[in-house]
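Observations on the three-dimensional arrangement
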Amino acid sequence: MRVLIDFVVALHIIGIAALLGGFLGQMKAMKAGTARFVPGMLHGALTMLVTGVALVGLDQADDHPVNNVKIGIKLLILVVILGLVYVKRDEAKVGKGPFVAVGALTVANIFIATLWT
């Protein structure tokens, strides 16, 4: 079971890398006012959602304690990120506000995951 959990954690990290990498890759375009949500950002967020739910289920199945408040907050943040990226995904350029919000929420999710014990 541990190998499966570690594999899903690796996929979860790949998802966050795609989301954050897409954001960082558009930073120069944001300064020019032409930033957009690239498909990799949506796919990364969806990967995070699926693997995050799987991780909670696997941890509970393996009798590991799960901090439901932490998971709930992380899920809420991810739903907001997904909403912003999904709604604005077809726009040629995205305003600075929603774009920065996605980046800030992504970083917040990373810090919650790593610092909240």
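All of the points below concern the structure found in this document. (Residues numbered from 1 in each chain as written. Predicted model: local features only at pLDDT ≥ 70, side-chain atom pairs only at ≥ 80, totals over all residues. Heavy atoms only, no water.)

**Structural notes on the side chain of threonine 106**
- You can see threonine 106 is positioned in helix H5 (residues 96-115).
- Under the relative-accessibility criterion, threonine 106 is labelled buried at 2%.
- Polar contacts involving the side chain of threonine 106 include one to the main-chain carbonyl oxygen of valine 102, which spans 2.7 Å.
- Once residues lying within four places of it in the same chain are set aside, the contact partners of threonine 106 are Ile16, Leu19, Leu20 and Ile81. (Helix = DSSP H or I, 4+ residues; strand = E, 2+ residues; numbered from the N terminus. Buried < 20%, exposed > 50% of the residue type's maximum accessible area, 1.4 Å probe, protein only. Polar contact = N/O pair within 3.5 Å; in protein donor to acceptor, adjacent residues only side chain to side chain. Contact = heavy atoms within 4.5 Å.)

**Focus: the environment of arginine 2**
- As for its position among the elements, arginine 2 is in helix H1 (residues 2-25).
- Expressed as a C-alpha distance, the spacing of arginine 2 and aspartate 59, which sit 57 residues apart in the sequence, is 9.4 Å.

**Observations regarding the nonpolar core**
- Counting residues in hydrophobic clusters, the biggest one holds 21 residues, and the most contacted among them are Leu19, Phe37, Met41, Ile81, Val85, Phe99 and Val102.
- Contributing elements (two or more residues each) for this core: H1, helix H2 (27-32), helix H3 (39-61), helix H4 (68-88) and H5.
- Ranked by the residues each element gives to this core, the list is headed by H4, at five residues.
- Ignoring sequence-local partners within four residues, the contact set of methionine 41 consists of Ala18, Leu19, Gly22, Phe23, Arg36, Val85, Phe99 and Val102. (Core = buried A, V, L, I, M, F, W, Y, C linked by side-chain atoms within 4.5 Å.)

The values reported here are purely geometric and, on their own, carry no functional implication.
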